[in-house]
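# Fold and contact review
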Amino acid sequence: MIRLGLLASHSGSNLGAIIAACREGRIAATPVVVIGNNSGAFALERARHAGIRVVHLSNQTHPDPAALDTAMAATLAAHDVDLVVLAGYMKRLGPQMLERWRGRIVNVHPSLLPKFGGKGMYGERVHAAVLAAGEAVTGATIHHLTEEYDQGPIIAQVLVPVEPGDTAATLAARVLPHEHALYVDTLARIARGDLILPELSVDRGTKVRLRDAEAQSE
Ligand code: GRF
């Protein structure tokens, strides 16, 4: 069972869907820690209710960005996290995080990237841009997280129709459940080893054995 570290900022409906799927065995993974940058976020309540360790780390707890980056990496490492899952996390990750979990950080975005992504494109702004562009179809994307907002390699997508008369709110409401389903399905495939992330060993035994071998070779 791979160990998930989840990052969230607000409502946490994606986080809730992932936690439920892990608990019900639909994802062969264990959420071991949730990091939030907003101490009042409902996402953190969801995690506490599920009995998952919650850590508030933000520019309030760590005004210095490098210290925050270190604290986030240390918290995830202390919980022996295999895969970092951003679920509505609005802050940019620091260089230590990106380096230490390179290839093992995934994110969900509520459009068909690369369209309607990038700095400032989050929440209902994304859906407003989709409507303004006159798109007939939108959707959601799971992608690798890299230095640039929403630029990482795409892992999975789902298409969602735009309906006549849609507003940003009605479109957001239609897309969100598809995000949940896409995220759960994608994480399940990763955890089973059906969808390969080269940097991630889903057979933790192998990972531990490799670490032991490295230790013995020193
Ligand atoms: C979702 O639309 C997600 O795609 C985006 O922010 C929203 C977060 O929703 N990153 P929630 O916090 O998971 O409910």
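Note that the structure is a prediction, hence the values are computed from the model and not measured. (Residues numbered from 1 in each chain as written. Predicted model: local features only at pLDDT ≥ 70, side-chain atom pairs only at ≥ 80, totals over all residues. Heavy atoms only, no water.)

### Re the sheet that holds strand β7 (residues 154–161)
Ordered in space as β3-β2-β1-β4-β5-β6-β7, the seven strands form an open sheet in which the pairing is mixed. Here the strands that pair on one side only, and so sit at the sheet edges, are β3 (53–56) and β7. Geometrically, the sheet is characterised by an average inter-axis angle of 20° between neighbouring strands, direction not taken into account. As paired strands, strand β5 (residues 105–109) and strand β6 (residues 137–144) are joined by four bridges and run antiparallel to one another. Across the sheet, Val106 pairs through a bridge with His144, a residue of β6. Lying on the sheet, helix α1 (residues 13–23) is in contact with β1 (2–8), β2 (29–36), β4 (83–86) and β5; it crosses β1 at an angle near 160°. Across the face of the sheet, helix α3 (residues 65–78) comes into contact with β1, β2, β3 and β4 while running at roughly 155° to β2. (Pairing = 2+ DSSP bridges. Helix = DSSP H or I, 4+ residues; strand = E, 2+ residues; numbered from the N terminus. Axes fitted to C-alpha atoms, helices over the stretch in contact; angles between N-to-C directions. Contact = heavy atoms within 4.5 Å.)

### Quick notes on helix α2 (residues 42–49)
Burial in α2 covers these residues: Ala43, Leu44 and Ala47. Projected down its long axis, α2 shows its buried positions confined to an angular sector of 95°, all on one face. Next to the buried residues of α2 lie β1, α1, β2 and β3. Of the residues one or two after α2, Gly51 is the one with positive phi, at around 75°. (Buried < 20%, exposed > 50% of the residue type's maximum accessible area, 1.4 Å probe, protein only. Arc of directions from axis to C-beta.)

### As for the site of the ligand
Taken together, Ser11, Gly12, Ser13, Asn14, Gly88, Met90, Val108, Pro110 and Glu179 make up the full set of residues near the ligand. One nitrogen or oxygen atom from the side chain of Ser13 is found 2.6 Å from an oxygen atom belonging to the ligand. Between the ligand and the protein, one listed contact pairs an oxygen atom with a side-chain N or O atom of Glu179 at 2.5 Å. Summarising the interface, the protein chains cover 86% of the accessible area of the ligand, which totals 360 Å² for the free molecule. The class makeup of the residues in the shell around the ligand is three nonpolar, five polar and one charged. (Near = heavy atom within 4 Å. Polar contact = N/O pair within 3.5 Å; in protein donor to acceptor, adjacent residues only side chain to side chain. Areas by Shrake-Rupley, 256 points an atom, 1.4 Å probe, with all protein chains shown as cover. Nonpolar A, V, L, I, M, F, W, Y, C, P; charged D, E, K, R; others polar.)

### With respect to empty space enclosed by the protein
Applying the stated criterion across every chain, the model contains one cavity of 30 Å³ or more. Roughly 30 Å³ of volume is contained in the largest cavity. In terms of lining residues, the largest cavity is bounded by Leu98, Arg102, Gly103, Ile105, Leu145, Thr146 and Glu147. Each residue belonging to the lining of the largest cavity can be placed in one class, and the counts come to three nonpolar, two polar and two charged. (1 Å grid on protein atoms, 1.4 Å probe; cavity = no way out; pocket = protein on both sides within 12 Å on 5 of 7 lines; lining within 4 Å. Points joined across faces, edges and corners; volume = space filled by probe spheres on them.)

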